[in-house]
Amino acid sequence: QVQLVESGGGLVQSGGSLRLSCAASGSIVGINTMGWYRQAPGTQRELVATISRDGSPNYADSVKGRFSISRDNAKKMVYLQMNSLKSEDTAVYYCNAAIRRTTWTSYYPYWGQGTQVTVSS
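Residues numbered from 1 in each chain as written. Predicted model: local features only at pLDDT ≥ 70, side-chain atom pairs only at ≥ 80, totals over all residues. Heavy atoms only, no water.

Trainee: Kindly report on the sheet that holds strand E1 (residues 2–7), identifying the contributing residues and their values.
Mentor: The strand order E1-E3-E8-E7 describes an open sheet built from four strands, whose pairing is antiparallel. Both outer strands of the open sheet, E1 and strand E7 (67–72), are each paired with one neighbouring strand and no more. Taken over all neighbouring pairs, the strand axes of this sheet differ in orientation by 15° on average, direction set aside. The pairing of E7 with strand E8 (residues 77–82) spans six bridges and is classified as antiparallel. Across the sheet, residue Asp 72 finds its bridge partner in E8, namely Met 77. (Pairing = 2+ DSSP bridges. Helix = DSSP H or I, 4+ residues; strand = E, 2+ residues; numbered from the N terminus. Axes fitted to C-alpha atoms, helices over the stretch in contact; angles between N-to-C directions.)

Next up, the structure:
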């Protein structure tokens, strides 16, 4: 069984910062790309940022220069540092990871339960 558990969400004023964390646990042989997605009410889930196993990041245009993604492979964790937050960043943020559970299976996507981020103007 594999679990992704997010933490660090909350309420912050516009211009403020938050740091999200996501921990992967369970029967895991390997983790490939990890990332963060978000979904605001009435919208589709969208990519925020991803990071490859070797640490190469990729960002949505809307967060470039404000958000920073990082990971700790030994701890099986991924982080999202969010600075200069805006009201339009308000959403539920989901952690995602491509995980291999055995050496003879492929990588499959797993999702966390989500953490709410609310930015007040």
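There's more to say after this.
Trainee: Describe the side chain of Arg 71, with residues and values.
Mentor: Structurally, the position occupied by Arg 71 is in strand E7. Here Arg 71 occupies a buried position and makes no salt bridge, while the nearest side chain of opposite charge, Asp 54, is found at 7.3 Å. In terms of polar contacts, Arg 71 uses its side chain to reach the backbone carbonyl oxygen of Asn 32, at 2.8 Å. In terms of polar contacts, Arg 71 uses its side chain to reach the backbone carbonyl oxygen of Ile 51, at 3.2 Å. Residue contacts for Arg 71: discarding those within four places in its chain leaves Ile 31, Asn 32, Thr 33, Met 34, Ile 51, Ser 52, Arg 53, Met 77, Val 78 and Tyr 79. (Buried < 20%, exposed > 50% of the residue type's maximum accessible area, 1.4 Å probe, protein only. Lys, Arg positive; Asp, Glu negative; His and termini not counted. Salt bridge = Lys/Arg side-chain N within 4 Å of Asp/Glu carboxyl O. Polar contact = N/O pair within 3.5 Å; in protein donor to acceptor, adjacent residues only side chain to side chain. Contact = heavy atoms within 4.5 Å.)

Trainee: Can you tell me about the pairing of E7, naming the residues and giving the values?
Mentor: Of the two faces of E7, only one is covered, namely that formed by Phe 67, Ile 69 and Arg 71; the face formed by Ser 68, Ser 70 and Asp 72 stays uncovered. If you look at the hairpin formed by E7 and E8, you'll find four residues sitting between the two strands, and Lys 76 has a positive phi there, around 60°.

Trainee: So what's going on with the state of the cysteines? Which residues, and what values?
Mentor: Here the structure, examined in full by the defined rule, presents one disulfide. Through a disulfide, Cys 22 is tied to Cys 95; the S-S separation comes to 2.1 Å. In this structure, the disulfide formed by Cys 22 and Cys 95 twists by about -80° around the S-S bond and is classed as left-handed. With Cys 22 in strand E3 (residues 18–26) and Cys 95 in strand E9 (residues 91–100), this residue pair connects regions lying 73 residues apart in the sequence. By relative accessible area, Cys 22 is classed as buried at 0%. Judged by its relative accessible area of 0%, Cys 95 is buried. (Disulfide = S-S within 2.5 Å.)

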